[in-house]
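Residues per chain are reported as follows:
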Amino acid sequence: MVTRFSDPFEALLNIQHALDRSRFSDWPGRSTSSHGSYPLVNVFQLGEDLVVTAEIPGVRKEDLDISIQRNQLRISGKKSIDYGENISIHRQERSAGTFDRTFNLPLEIESDGVKAELQDGVLSLFLPRAEKDKARSIRIN
Amino acid sequence: MTDSNVLDTLEKRELETEQEKTVPGKHYVPYTDIFENEEALVVVMEIPGVDRSDTNINVENNILSVEGKISHATYDALSPVYTEYNIGHYSRSFTLSNEIDQEGITARIEDGVLTLELPKTKDAPPRRIEIA
């Protein structure tokens, strides 16, 4: 995406519009069952389906738990760091701990068709739209 | 639960350099832990999305530099609906204070975490100086 601030008033107007949208849109929804902000997610559209990605470096596959119910997606797990004993630390920027995040998706998901992939610390979830949620074209007799 | 620490999200830090990169695009500073044990200096970096073949590690004039390129190709077919984080290449360098055995450096990547082991040279043992 290219963002240029050629006209300051236009930029201001765009911010105003974005603010308005965030107030009136109910998606991704603030009503989470567990309030966590980690991990950050990106949501993409692929045809009629959704793809959700998240960067979770250092989280092992077996420490990750993903569940989906209708349009609610929950990503939880833990990230552990173990460097062994007798070390002197020079610099510490990574953090370890548990996470639990739930959010609502804008459409109903066919939970049987969900595919999850964890590669190079990036989680990708392929979420197919439920058949009954899809738009149907009606033939006129 | 034994580990009660709840993970917080960290804003990705964008790289600030004096020289410009030849490749346009965002570069981020990977979160890094550095520690020392008896044999080696260990550098651990988080570079999610970087394939092992796209990692470039260099030691020159006591400067360790790591670069990781991410592939944008996977995102080509996707159109973003809602975004919370941005993606970009990773780049960071450190000046090494210890004497490092450059031949013995080992690296591995696991779940987006790069671990570099830089063994200390044997012929430069710590010297204890007695005060007369």
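Placed above this text is the structure.
From a predicted model like this one, the values you see are computed outputs, not experimental measurements.

**Some points on the overall build of chain A**
Secondary structure assignment for chain A yields 1 helix and 8 strands. In sequence order, the secondary structure elements of chain A are arranged as α-β-β-β-β-β-β-β-β. When burial is assessed residue by residue, chain A has 33% of its 141 residues classed as buried. Across chain A, the fraction of contacts at a sequence separation of at least 24, relative to all contacts at a separation of at least 6, is 54%. Per element, the accessible surface of chain A, about 9500 Å² overall, is 48% carbon and sulfur.

**Some remarks on the side chain of A:D49**
Residue and element names in this part refer to chain A. By secondary structure assignment, the location of D49 is in strand β2 (residues 49–55). Take D49: its relative accessible area is 16%, and that puts it in the buried class. Among the polar contacts made by the side chain of D49, one reaches the main-chain amide nitrogen of R129 at a distance of 3.0 Å. D49 has contacts with F44, F126, L127, P128 and R129, leaving out every residue within four places of it along the chain.

**Observations regarding the interface of chain B and chain A**
Taken together, the contact between chain B and chain A spans 43 residues of the former and 43 residues of the latter. A salt bridge links A:E93 to B:R13; its shortest N-O distance comes to 3.7 Å. Applying the counting rule to chain B against chain A returns 25 residue pairs in polar contact (both at pLDDT 80 or more). When contributions to the side of chain B that touches chain A are tallied by element, the ones reaching two or more residues are β3 (32–36), β4 (40–46), β5 (50–60), β7 (79–83) and β8 (89–95) of chain B. Of the residues that constitute the side of chain B that touches chain A, the class distribution is 24 nonpolar, 8 polar and 11 charged. Alignment of strand β1 (residues 41–46) of chain A against β7(B), held across 4 bridges, turns out to be antiparallel. Paired with A:V43 across the two strands is B:Y82, which belongs to β7(B).

Rules behind the numbers
Residues numbered from 1 in each chain as written. Chains lettered and ligands numbered in written order. Predicted model: local features only at pLDDT ≥ 70, side-chain atom pairs only at ≥ 80, totals over all residues. Heavy atoms only, no water. Helix = DSSP H or I, 4+ residues; strand = E, 2+ residues; numbered from the N terminus. Buried < 20%, exposed > 50% of the residue type's maximum accessible area, 1.4 Å probe, protein only. Contact = heavy atoms within 4.5 Å. Areas by Shrake-Rupley, 256 points an atom, 1.4 Å probe, with all protein chains shown as cover. Polar contact = N/O pair within 3.5 Å; in protein donor to acceptor, adjacent residues only side chain to side chain. Salt bridge = Lys/Arg side-chain N within 4 Å of Asp/Glu carboxyl O. Nonpolar A, V, L, I, M, F, W, Y, C, P; charged D, E, K, R; others polar. Pairing = 2+ DSSP bridges.

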